[in-house]
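# Residue-level structural notes
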Amino acid sequence: MTDTSPADQNRAAAWACGLCERELRGDAEAYLCPGCTRATGERLDRMPKLYAALAAFLAPAGRRPELGRAQGVEAPLPVAEPVLTLRGPGGIVGVLEDWRSAMQADRGWGPPAVQGATEERVRAAARGLSLNLEWIASSWPMAGAFAEEIRNLERSVLAVVNPPERTIRLGNCTAPLEGDAVCGAVLRVPPGVAEVRCRWCGAAYPPSSWWELARAQELPSCNLTPG
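What comes next is a walk through the structure. If you're wondering where the values come from, they're calculated on a predicted model, not measured in any experiment. (Residues numbered from 1 in each chain as written. Predicted model: local features only at pLDDT ≥ 70, side-chain atom pairs only at ≥ 80, totals over all residues. Heavy atoms only, no water.)

## Quick notes on the side chain of asparagine 132
Here is the rule we go by: Counting from the N terminus, the helices are DSSP H or I runs at least four residues long and the strands are E runs at least two residues long. Buried residues are those whose accessible area, probed at 1.4 Å on protein chains only, stays under 20% of the maximum for their type, while exposed residues exceed 50% and partly exposed ones sit between those limits. For this analysis, a polar contact is any N or O atom pair within 3.5 Å, provided that within protein one partner can donate a hydrogen and the other can accept it, and provided that sequence-adjacent residues contribute only side-chain to side-chain pairs. Note on contacts: a residue pair is in contact if any heavy atoms of the two residues lie within 4.5 Å.
Structurally, the position occupied by asparagine 132 is in the loop between α5 (118-131) and α6 (133-139). Residue classification places asparagine 132 among the buried residues on the basis of a relative accessible area of 12%. For asparagine 132, the side chain forms a polar contact with the main-chain oxygen of glycine 128, separated by 2.8 Å. The contact partners of asparagine 132, leaving out residues within four places of it in the chain, are Met103, Arg107 and Trp109.

Spelled out as structure tokens, the structure:
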């Protein structure tokens, strides 16, 4: 029986992607798989544009700037707090600069220069991380946590600038799988679609089948509510 050293155990653990947790193939030690590395790079490239896009959402919902300033008897509307947070010191720029500083420290470099307006700082930090993404993915034990926070940061911004469509819960997919198993994935109906397709197994459900599907699962029509 061969003993496994702690170093070997650490290398084996590193052969799972730190973000998606899929097993990495090949002999090279890495902390992110190629797909997650590419996706993280694309998110970093989008960060400056997402930061700029948030500016249009600073006014709270319901405010109409084209109507001019409010009358003196009305209390002034505050800015939208989630947007202000994302554009503030602890938002996009803070997350990117913190990770860039940590990366440079672990590479034995000095702290990055921080200068200019916030938009310029976002661009500089995102670029600094992108330029070192190959090293991050292959050699940095913090790569998984870094990629996860960048992904979550983008999701937070997209929830403001491009919120997901509201859908109607149709029920669960009844498509048979191997043996006696049933798919069971949740089916949702986006607005204006002519057919629902299960995202898990690919089974198709035309509108003519929706009511029978709901009845088969004892879902009254009142349960077909947006979610």
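## Describing the packing of aromatic side chains
Put simply, the rule is: Two aromatic rings, drawn from Phe, Tyr or Trp (for Trp, its six-membered ring), form a pair once their centres lie within 6.5 Å of each other, and the interplanar angle then sorts them: stacked below 30 degrees, edge-to-face above 60, tilted otherwise.
Inspection of every chain in the model, using the stated rule, returns four aromatic pairs. Considering the side-chain rings of tryptophan 99 and tryptophan 140, the 5.7 Å spacing of their centres and the 90° angle between planes classify their relative orientation as edge-to-face. Residue tryptophan 99 is found in helix α4 (residues 92-106), and its partner tryptophan 140 is found in the loop between α6 and α7 (143-161); the two are separated by 41 residues along the sequence. The class for tryptophan 140 is buried, based on a relative accessible area of 1%. For the pair tryptophan 140 and phenylalanine 146, a centre-to-centre distance of 6.3 Å together with 50° between the ring planes defines the contact as tilted. Take tryptophan 140 and phenylalanine 146: they sit in the same class, and that class is buried. Here the aromatic cluster, defined as three or more aromatic residues joined through ring pairs, consists of Trp99, Trp135, Trp140 and Phe146.

## Details of the pattern of salt bridges
Test applied: Between Lys or Arg on one side and Asp or Glu on the other, a salt bridge is scored when a side-chain nitrogen of the former is within 4 Å of a carboxyl oxygen of the latter.
For the structure on display, the rule yields four salt bridges. Residue arginine 43 is joined to glutamate 154 by a salt bridge in which the shortest nitrogen-to-oxygen separation is 3.3 Å. Residue arginine 43 is located in helix α2 (residues 34-54), and its partner glutamate 154 is located in helix α7; the two are separated by 111 residues in the primary sequence. Taking relative accessible area as the criterion, arginine 43 reaches 14% and is therefore assigned buried. Note that arginine 46 is salt-bridged to glutamate 154, the shortest N-O span being 2.6 Å. Note that arginine 46 is positioned in helix α2 and glutamate 154 in helix α7, a separation of 108 residues in sequence.

Shape descriptors only; they carry no functional weight alone.
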